[in-house]
Amino acid sequence: MVSIVLASHGKFAEGIMESGQMIFGPQKDVAAVTLTPDMGPDDLKAKLEDAVASFDEQEHVLFFVDLWGATPFNQVNGLLASGGHEDWVMVTGLNLPMLIQAYGDRMGEDTAAAIAKDVFTEARNGIRIKPEELEPTEAAPAAAAAPAPAPAGAIPEGTVIGDGHIKIVFARVDTRLLHGQVATTWTKSANPDRIIVCSDGVSQDQLRKTMIVQAAPPGVHVHVVPIKKICEVARDPRFGNTRAMLLFETPQDALRAIEGGVPIKRLNLGSMAHSVGKVVVTNALAMDQDDVDTLEEIRGRGVEFDIRKVPADKAESYDAIIKKAEDELASPADNR
(Lines give C-alpha, C1' and ligand atoms only; values in the text may rest on other atoms or scores of the structure.)
Protein backbone atom coordinates (compact mmCIF):
# COMPACT_ATOMS: atom_id res chain seq x y z
CA MET A 1 0.00 0.00 0.00
CA VAL A 2 1.29 3.47 -0.92
CA SER A 3 2.40 5.47 2.13
CA ILE A 4 1.34 9.10 2.58
CA VAL A 5 3.06 12.09 4.21
CA LEU A 6 1.06 15.27 4.87
CA ALA A 7 3.32 18.32 5.23
CA SER A 8 2.21 21.83 6.14
CA HIS A 9 2.82 25.08 7.95
CA GLY A 10 1.40 24.86 11.48
CA LYS A 11 -1.02 22.11 12.46
CA PHE A 12 -2.96 22.05 9.20
CA ALA A 13 -1.54 18.62 8.29
CA GLU A 14 -2.55 17.16 11.65
CA GLY A 15 -6.05 18.61 11.37
CA ILE A 16 -6.70 17.36 7.86
CA MET A 17 -5.39 13.92 8.81
CA GLU A 18 -7.89 13.84 11.69
CA SER A 19 -10.69 14.95 9.35
CA GLY A 20 -9.77 12.22 6.88
CA GLN A 21 -9.93 9.61 9.63
CA MET A 22 -13.40 10.78 10.65
CA ILE A 23 -14.60 10.09 7.12
CA PHE A 24 -12.49 7.11 6.04
CA GLY A 25 -11.48 5.53 9.34
CA PRO A 26 -7.98 4.99 10.79
CA GLN A 27 -5.28 4.71 8.14
CA LYS A 28 -2.02 2.77 8.19
CA ASP A 29 1.23 4.38 6.99
CA VAL A 30 0.01 7.99 7.02
CA ALA A 31 1.96 10.69 8.87
CA ALA A 32 1.49 14.42 9.44
CA VAL A 33 4.62 16.58 9.48
CA THR A 34 4.23 20.18 10.63
CA LEU A 35 6.50 23.21 10.40
CA THR A 36 6.35 25.32 13.57
CA PRO A 37 7.84 28.81 14.12
CA ASP A 38 10.74 27.48 16.21
CA MET A 39 11.92 25.08 13.48
CA GLY A 40 14.44 25.55 10.71
CA PRO A 41 14.52 23.83 7.30
CA ASP A 42 16.86 21.10 8.54
CA ASP A 43 14.51 20.34 11.43
CA LEU A 44 11.63 19.86 9.01
CA LYS A 45 13.73 17.67 6.75
CA ALA A 46 14.60 15.44 9.71
CA LYS A 47 10.90 15.11 10.61
CA LEU A 48 10.05 14.18 7.01
CA GLU A 49 12.77 11.53 6.99
CA ASP A 50 11.57 10.15 10.34
CA ALA A 51 8.00 9.96 8.99
CA VAL A 52 9.08 7.92 5.98
CA ALA A 53 11.28 5.69 8.16
CA SER A 54 8.23 4.84 10.29
CA PHE A 55 6.36 3.33 7.33
CA ASP A 56 6.31 -0.34 6.45
CA GLU A 57 6.19 0.71 2.79
CA GLN A 58 9.00 3.13 1.91
CA GLU A 59 9.39 2.47 -1.79
CA HIS A 60 6.07 4.07 -2.77
CA VAL A 61 5.48 7.35 -0.93
CA LEU A 62 3.07 10.16 -1.80
CA PHE A 63 3.79 13.58 -0.27
CA PHE A 64 0.88 16.01 0.06
CA VAL A 65 2.15 19.55 0.71
CA ASP A 66 0.17 22.69 1.46
CA LEU A 67 1.94 25.30 -0.73
CA TRP A 68 4.12 25.26 -3.81
CA GLY A 69 7.50 26.95 -3.23
CA ALA A 70 7.38 27.26 0.56
CA THR A 71 9.58 25.49 3.14
CA PRO A 72 7.63 22.17 3.29
CA PHE A 73 7.68 22.08 -0.52
CA ASN A 74 11.40 22.85 -0.65
CA GLN A 75 12.33 20.14 1.83
CA VAL A 76 10.20 17.49 0.15
CA ASN A 77 11.56 18.58 -3.21
CA GLY A 78 15.05 18.06 -1.83
CA LEU A 79 14.20 14.52 -0.78
CA LEU A 80 12.82 13.77 -4.24
CA ALA A 81 15.89 15.30 -5.91
CA SER A 82 18.28 13.24 -3.80
CA GLY A 83 17.48 10.27 -6.04
CA GLY A 84 17.10 6.58 -5.36
CA HIS A 85 13.33 6.71 -5.02
CA GLU A 86 11.58 6.16 -8.32
CA ASP A 87 8.08 6.30 -6.84
CA TRP A 88 8.26 9.20 -4.42
CA VAL A 89 5.80 11.84 -5.68
CA MET A 90 4.72 15.24 -4.37
CA VAL A 91 1.38 16.99 -4.90
CA THR A 92 0.81 20.52 -3.58
CA GLY A 93 -2.41 22.30 -2.66
CA LEU A 94 -3.43 19.76 -0.02
CA ASN A 95 -7.20 19.62 0.52
CA LEU A 96 -9.65 17.12 1.96
CA PRO A 97 -11.12 15.82 -1.34
CA MET A 98 -7.57 15.07 -2.47
CA LEU A 99 -6.78 13.12 0.68
CA ILE A 100 -10.02 11.12 0.63
CA GLN A 101 -9.45 10.25 -3.03
CA ALA A 102 -5.96 9.03 -2.19
CA TYR A 103 -7.26 6.85 0.64
CA GLY A 104 -9.69 5.23 -1.74
CA ASP A 105 -7.20 4.90 -4.59
CA ARG A 106 -4.54 3.17 -2.56
CA MET A 107 -6.89 0.25 -2.02
CA GLY A 108 -6.36 -0.63 -5.67
CA GLU A 109 -3.35 1.36 -6.93
CA ASP A 110 0.20 0.19 -6.25
CA THR A 111 2.15 3.35 -7.10
CA ALA A 112 2.25 6.91 -5.81
CA ALA A 113 2.46 8.15 -9.41
CA ALA A 114 -0.87 6.56 -10.35
CA ILE A 115 -2.62 8.01 -7.29
CA ALA A 116 -1.11 11.46 -7.88
CA LYS A 117 -2.62 11.64 -11.36
CA ASP A 118 -6.05 10.72 -10.01
CA VAL A 119 -6.07 13.05 -7.01
CA PHE A 120 -5.03 16.03 -9.12
CA THR A 121 -8.41 16.05 -10.85
CA GLU A 122 -10.30 15.32 -7.65
CA ALA A 123 -8.58 18.17 -5.81
CA ARG A 124 -9.67 20.66 -8.47
CA ASN A 125 -13.20 19.25 -8.72
CA GLY A 126 -13.55 19.64 -4.95
CA ILE A 127 -13.44 23.42 -5.30
CA ARG A 128 -16.98 24.61 -5.93
CA ILE A 129 -19.03 27.74 -5.31
CA LYS A 130 -22.58 28.01 -3.99
CA PRO A 131 -24.61 29.49 -5.66
CA GLU A 132 -23.29 27.75 -8.76
CA GLU A 133 -23.76 30.74 -11.06
CA LEU A 134 -20.77 32.39 -9.38
CA GLU A 135 -18.44 29.69 -10.66
CA PRO A 136 -16.25 30.81 -13.59
CA THR A 137 -17.74 29.71 -16.88
CA GLU A 138 -14.46 28.20 -18.01
CA ALA A 139 -14.77 25.61 -15.23
CA ALA A 140 -18.03 24.25 -16.67
CA PRO A 141 -16.56 21.93 -19.35
CA ALA A 142 -14.62 19.91 -16.75
CA ALA A 143 -17.77 19.27 -14.76
CA ALA A 144 -19.70 18.34 -17.88
CA ALA A 145 -17.00 16.33 -19.64
CA ALA A 146 -18.77 13.00 -19.26
CA PRO A 147 -22.26 13.07 -20.78
CA ALA A 148 -24.98 11.60 -18.60
CA PRO A 149 -26.38 8.29 -19.81
CA ALA A 150 -29.82 8.32 -21.35
CA PRO A 151 -32.54 7.97 -18.70
CA ALA A 152 -34.26 4.62 -18.46
CA GLY A 153 -37.50 6.25 -19.54
CA ALA A 154 -35.99 6.88 -23.01
CA ILE A 155 -35.56 3.14 -23.52
CA PRO A 156 -38.68 1.22 -24.55
CA GLU A 157 -40.24 -0.88 -21.80
CA GLY A 158 -39.34 -4.54 -22.04
CA THR A 159 -35.89 -3.84 -23.48
CA VAL A 160 -33.33 -6.16 -21.89
CA ILE A 161 -29.97 -4.55 -21.17
CA GLY A 162 -27.12 -6.77 -20.10
CA ASP A 163 -28.51 -9.77 -18.26
CA GLY A 164 -31.65 -7.81 -17.31
CA HIS A 165 -30.91 -7.84 -13.57
CA ILE A 166 -29.78 -4.82 -11.56
CA LYS A 167 -26.57 -5.34 -9.58
CA ILE A 168 -26.85 -4.31 -5.92
CA VAL A 169 -23.19 -3.74 -5.10
CA PHE A 170 -23.87 -2.28 -1.65
CA ALA A 171 -26.93 -1.75 0.56
CA ARG A 172 -26.84 0.22 3.80
CA VAL A 173 -29.12 1.35 6.60
CA ASP A 174 -28.06 4.84 7.65
CA THR A 175 -30.25 7.44 9.32
CA ARG A 176 -28.18 10.16 7.65
CA LEU A 177 -28.48 8.53 4.21
CA LEU A 178 -25.89 10.12 1.88
CA HIS A 179 -23.06 11.86 3.75
CA GLY A 180 -19.27 12.01 3.75
CA GLN A 181 -18.52 8.45 4.84
CA VAL A 182 -20.91 7.03 2.27
CA ALA A 183 -20.03 9.39 -0.58
CA THR A 184 -16.32 8.71 -0.21
CA THR A 185 -15.31 5.52 1.59
CA TRP A 186 -18.14 3.19 0.60
CA THR A 187 -18.39 4.59 -2.92
CA LYS A 188 -14.71 3.86 -3.44
CA SER A 189 -15.10 0.38 -1.99
CA ALA A 190 -18.28 -0.65 -3.84
CA ASN A 191 -17.72 1.29 -7.09
CA PRO A 192 -21.39 1.92 -8.01
CA ASP A 193 -22.48 3.97 -11.00
CA ARG A 194 -25.70 5.00 -9.22
CA ILE A 195 -26.59 5.74 -5.62
CA ILE A 196 -30.29 5.23 -4.96
CA VAL A 197 -31.77 6.65 -1.77
CA CYS A 198 -34.87 4.60 -1.02
CA SER A 199 -37.28 6.53 1.19
CA ASP A 200 -40.94 7.47 0.89
CA GLY A 201 -40.46 10.51 3.10
CA VAL A 202 -37.36 11.93 1.46
CA SER A 203 -38.72 11.36 -2.05
CA GLN A 204 -41.59 13.72 -1.15
CA ASP A 205 -39.38 16.32 0.56
CA GLN A 206 -37.98 18.48 -2.22
CA LEU A 207 -35.44 20.27 0.00
CA ARG A 208 -33.91 17.07 1.40
CA LYS A 209 -34.05 15.46 -2.02
CA THR A 210 -32.17 18.37 -3.60
CA MET A 211 -29.52 18.39 -0.87
CA ILE A 212 -28.91 14.66 -1.27
CA VAL A 213 -28.58 14.88 -5.05
CA GLN A 214 -26.11 17.75 -4.67
CA ALA A 215 -23.99 15.60 -2.34
CA ALA A 216 -23.29 13.12 -5.13
CA PRO A 217 -19.64 12.13 -5.47
CA PRO A 218 -18.05 12.87 -8.87
CA GLY A 219 -19.03 10.43 -11.59
CA VAL A 220 -21.88 8.81 -9.68
CA HIS A 221 -25.56 9.62 -10.34
CA VAL A 222 -27.84 9.96 -7.31
CA HIS A 223 -31.56 9.26 -7.32
CA VAL A 224 -34.14 9.53 -4.53
CA VAL A 225 -37.10 7.18 -4.95
CA PRO A 226 -39.93 5.75 -2.83
CA ILE A 227 -39.73 2.09 -1.78
CA LYS A 228 -42.32 1.08 -4.37
CA LYS A 229 -40.15 2.52 -7.13
CA ILE A 230 -37.00 0.61 -6.18
CA CYS A 231 -39.05 -2.58 -6.23
CA GLU A 232 -40.16 -1.73 -9.76
CA VAL A 233 -36.58 -0.95 -10.79
CA ALA A 234 -35.45 -4.34 -9.46
CA ARG A 235 -37.84 -6.02 -11.92
CA ASP A 236 -37.04 -3.74 -14.86
CA PRO A 237 -34.68 -5.41 -17.39
CA ARG A 238 -33.52 -1.99 -18.62
CA PHE A 239 -31.30 -1.74 -15.51
CA GLY A 240 -29.29 -4.86 -16.31
CA ASN A 241 -26.01 -2.94 -16.56
CA THR A 242 -26.59 -0.80 -13.47
CA ARG A 243 -24.32 -1.12 -10.43
CA ALA A 244 -26.40 0.36 -7.63
CA MET A 245 -25.71 1.40 -4.05
CA LEU A 246 -28.95 1.44 -2.04
CA LEU A 247 -29.38 3.61 1.05
CA PHE A 248 -32.23 3.15 3.54
CA GLU A 249 -33.09 5.32 6.54
CA THR A 250 -34.45 2.40 8.56
CA PRO A 251 -34.34 -1.39 8.59
CA GLN A 252 -38.12 -1.31 8.10
CA ASP A 253 -37.63 0.36 4.70
CA ALA A 254 -34.98 -2.20 3.81
CA LEU A 255 -37.34 -5.04 4.71
CA ARG A 256 -40.11 -3.58 2.54
CA ALA A 257 -37.69 -3.45 -0.39
CA ILE A 258 -36.57 -7.03 0.16
CA GLU A 259 -40.19 -8.16 0.41
CA GLY A 260 -40.81 -6.31 -2.87
CA GLY A 261 -38.17 -8.31 -4.69
CA VAL A 262 -35.06 -6.14 -4.40
CA PRO A 263 -32.16 -8.66 -4.49
CA ILE A 264 -30.25 -7.63 -1.37
CA LYS A 265 -27.98 -10.41 -0.15
CA ARG A 266 -25.88 -8.40 2.30
CA LEU A 267 -26.98 -5.37 4.34
CA ASN A 268 -24.63 -2.93 6.01
CA LEU A 269 -25.80 -1.41 9.29
CA GLY A 270 -23.99 1.92 9.45
CA SER A 271 -26.08 4.27 11.57
CA MET A 272 -29.40 4.03 13.41
CA ALA A 273 -30.07 7.17 15.41
CA HIS A 274 -31.19 7.15 19.03
CA SER A 275 -34.68 8.34 19.94
CA VAL A 276 -37.14 7.84 22.80
CA GLY A 277 -37.72 4.15 23.47
CA LYS A 278 -34.50 2.99 21.82
CA VAL A 279 -31.42 1.55 23.50
CA VAL A 280 -27.85 2.22 22.44
CA VAL A 281 -26.07 -0.97 21.34
CA THR A 282 -22.97 0.55 19.68
CA ASN A 283 -21.65 4.06 19.21
CA ALA A 284 -23.56 4.19 15.91
CA LEU A 285 -26.62 1.96 16.41
CA ALA A 286 -29.70 2.38 18.62
CA MET A 287 -32.69 0.04 18.45
CA ASP A 288 -36.18 -0.55 19.79
CA GLN A 289 -38.07 -3.83 19.74
CA ASP A 290 -39.50 -3.15 16.29
CA ASP A 291 -35.97 -2.70 14.95
CA VAL A 292 -34.85 -5.99 16.51
CA ASP A 293 -37.86 -7.84 15.10
CA THR A 294 -37.32 -6.29 11.68
CA LEU A 295 -33.64 -7.23 11.57
CA GLU A 296 -34.47 -10.77 12.60
CA GLU A 297 -37.06 -10.94 9.82
CA ILE A 298 -34.45 -9.74 7.34
CA ARG A 299 -31.99 -12.38 8.52
CA GLY A 300 -34.70 -14.99 8.22
CA ARG A 301 -34.84 -14.15 4.52
CA GLY A 302 -31.22 -15.17 4.09
CA VAL A 303 -29.65 -11.71 4.21
CA GLU A 304 -26.23 -11.38 5.84
CA PHE A 305 -25.29 -8.35 7.94
CA ASP A 306 -22.17 -6.21 7.74
CA ILE A 307 -22.00 -4.01 10.84
CA ARG A 308 -19.45 -1.19 10.55
CA LYS A 309 -19.40 2.51 9.74
CA VAL A 310 -16.54 2.53 7.23
CA PRO A 311 -14.65 -0.19 5.33
CA ALA A 312 -11.58 0.20 7.55
CA ASP A 313 -13.57 -0.72 10.70
CA LYS A 314 -13.64 -4.25 12.03
CA ALA A 315 -17.09 -5.74 11.47
CA GLU A 316 -19.08 -6.32 14.65
CA SER A 317 -21.01 -9.46 15.55
CA TYR A 318 -24.69 -9.34 14.60
CA ASP A 319 -25.63 -11.91 17.26
CA ALA A 320 -23.84 -9.96 20.00
CA ILE A 321 -25.53 -6.71 19.01
CA ILE A 322 -29.00 -8.25 18.89
CA LYS A 323 -28.47 -9.92 22.26
CA LYS A 324 -27.34 -6.63 23.79
CA ALA A 325 -30.39 -4.86 22.35
CA GLU A 326 -32.77 -7.50 23.70
CA ASP A 327 -31.13 -7.45 27.15
CA GLU A 328 -31.29 -3.66 27.32
CA LEU A 329 -34.88 -3.56 26.12
CA ALA A 330 -35.87 -6.11 28.74
CA SER A 331 -34.45 -3.93 31.53
CA PRO A 332 -36.56 -1.24 33.26
CA ALA A 333 -37.08 1.85 31.13
CA ASP A 334 -35.47 4.11 33.72
CA ASN A 335 -32.19 2.16 33.31
CA ARG A 336 -31.95 2.92 29.58
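Right above here is the structure, for reference.
As the structure is a prediction and not an experimental result, all values here were calculated from the model.

Colleague: Help me get a handle on the nonpolar core, residues and values and all.
Modeller: Counting 39 residues, the largest nonpolar core has Ile 230, Leu 246, Phe 248, Ile 264, Leu 267 and Met 287 as the members making the most contacts within it. In this view, Ile 230 contacts Ile 196, Cys 198, Val 225, Leu 246, Ala 257 and Val 262; residues no more than four positions away in its chain are not counted. The next biggest cluster of nonpolar side chains, apart from the first, holds 24 residues, and it includes Phe 24, Leu 62, Leu 94 and Ala 112.

Colleague: Break down the sheet that holds strand E9 (residues 266-271) for me, citing the residues and quoting the values.
Modeller: With parallel pairing, the six strands of this open sheet are ordered in space as E7-E6-E8-E5-E9-E12. Of all the strands in the sheet, just strand E7 (221-225) and strand E12 (304-307) have a single pairing partner and so form its edges. In this sheet, adjacent strand axes meet at a mean angle of 25° when their direction is disregarded. In this sheet, E7 lies alongside strand E6 (residues 194-198) in parallel orientation, the contact comprising five bridges. Across the sheet, the residue bridging to Cys 198 is Val 225, located in E7. Lying over the sheet, helix H9 (residues 206-214) contacts E6 and E7, oriented at roughly 160° with respect to E7. The strands that helix H11 (residues 251-259) touches are strand E5 (167-174), E6, strand E8 (243-248) and E9; relative to E8, the one it contacts most, it runs at about 135°.

Colleague: Please set out the pattern of salt bridges residue by residue, giving values where relevant.
Modeller: On inspection of all chains with the given rule, the structure shows 18 salt bridges. Between Lys 130 and Glu 132 there is a salt bridge, and its shortest N-O distance comes to 3.1 Å. Since its relative accessible area comes to 55%, Lys 130 is described here as exposed. Close ionic contact of Asp 319 with Arg 299 constitutes a salt bridge, the shortest N to O distance being 2.7 Å.

Colleague: Report on the side chain of Glu 122, specifying residues and quantitative values.
Modeller: In this structure, Glu 122 sits in helix H5 (residues 112-125). In this structure Glu 122 is buried but unpaired, with Lys 188 as the nearest side chain of opposite charge at 5.2 Å. The residues contacting Glu 122, other than those within four sequence positions of it, are Pro 97, Gln 101 and Pro 218.

Colleague: So what about the pairing of strand E4 (residues 87-92)? Which residues, and what values?
Modeller: In terms of burial, E4 is largely enclosed, as five of its six residues are buried. Summarising the sheet, strand E3 (residues 60-65) and E4 pair through six bridges and their orientation is parallel. Counted as the bridge partner of Phe 64 is Val 91 from E4. Crossover E3 to E4 through helix H3 (residues 71-81) is right-handed.

Colleague: Outline the environment of Thr 294, listing residues and values.
Modeller: By secondary structure assignment, the location of Thr 294 is in helix H12 (residues 289-300). Here the alpha-carbon distance between Thr 294 and Leu 255, two residues 39 residues apart in the chain, equals 7.1 Å. Residues contacting Thr 294, with those up to four places away along its chain left out, are Pro 251, Gln 252 and Leu 255.

Colleague: Account for the sheet that holds E4, with residues named and values stated.
Modeller: The strand order across the open sheet built from four strands is E2-E1-E3-E4, with neighbouring strands paired in parallel fashion. With partners counted over all chains shown, the strands left at the sheet margins are strand E2 (30-35) and E4, one partner each. The sheet shows a mean angle of 20° between the axes of neighbouring strands, taken without regard to direction. Sheet strands in contact with helix H2 (residues 41-53) are strand E1 (3-9), E2, E3 and E4, and its direction is about 175° off that of E2.

Colleague: So, the side chain of Asp 174: which residues are in play, and what are the values?
Modeller: Tracing the chain through its elements places Asp 174 in strand E5. Polar side-chain contacts of Asp 174 include one of 2.7 Å to the side chain of His 179. When residues no more than four places from it in sequence are discounted, the contact partners of Asp 174 are His 179, Val 182, Phe 248, Glu 249 and Ser 271.

Colleague: So what about unusual backbone geometry? Which residues, and what values?
Modeller: The step from Lys 130 to Pro 131 runs through a cis peptide bond, and the omega angle for that step is 5°. Checked against the element boundaries, Pro 131 lands in the loop between H5 and helix H6 (140-143). Positive phi is not limited to glycine here, since Asp 29 has a value of about 55°. Given the relative accessible area of 13%, Asp 29 is considered buried. The backbone phi angle of Leu 177 is positive, close to 60°, even though this residue is not glycine. The class for Leu 177 is buried, based on a relative accessible area of 0%.

Colleague: Tell me about the pairing of E6, and please be specific about residues and values.
Modeller: Among the five residues in E6, five count as buried, and that is most of the element. Judged by which residues are buried, E6 turns out to be covered on both faces: Arg 194, Ile 196 and Cys 198 on one side and Ile 195 and Val 197 on the other are all buried.

Colleague: Can you lay out the packing of helix H10 (residues 227-235) against H11 for me, pointing to particular residues and giving the numbers?
Modeller: Across the interface, H10 lies against H11 with an axial gap of 9 Å and an inter-helix angle of 35°. When you trace H10 past H11, the crossing you get is right-handed. Contacts between H10 and H11 involve Ile 227, Ile 230 and Cys 231 on the former and, on the latter, Asp 253, Arg 256 and Ala 257. In the contact of H10 with H11, the residues fall into four nonpolar, no polar and two charged.

Reading the values: rules and limits
Residues numbered from 1 in each chain as written. Predicted model: local features only at pLDDT ≥ 70, side-chain atom pairs only at ≥ 80, totals over all residues. Heavy atoms only, no water. Core = buried A, V, L, I, M, F, W, Y, C linked by side-chain atoms within 4.5 Å. Buried < 20%, exposed > 50% of the residue type's maximum accessible area, 1.4 Å probe, protein only. Contact = heavy atoms within 4.5 Å. Pairing = 2+ DSSP bridges. Helix = DSSP H or I, 4+ residues; strand = E, 2+ residues; numbered from the N terminus. Axes fitted to C-alpha atoms, helices over the stretch in contact; angles between N-to-C directions. Salt bridge = Lys/Arg side-chain N within 4 Å of Asp/Glu carboxyl O. Lys, Arg positive; Asp, Glu negative; His and termini not counted. Right-handed = clockwise from strand over helix to strand, strands pointing away. Polar contact = N/O pair within 3.5 Å; in protein donor to acceptor, adjacent residues only side chain to side chain. Left-handed = near helix turned anticlockwise from the far one by under 90°. Nonpolar A, V, L, I, M, F, W, Y, C, P; charged D, E, K, R; others polar.

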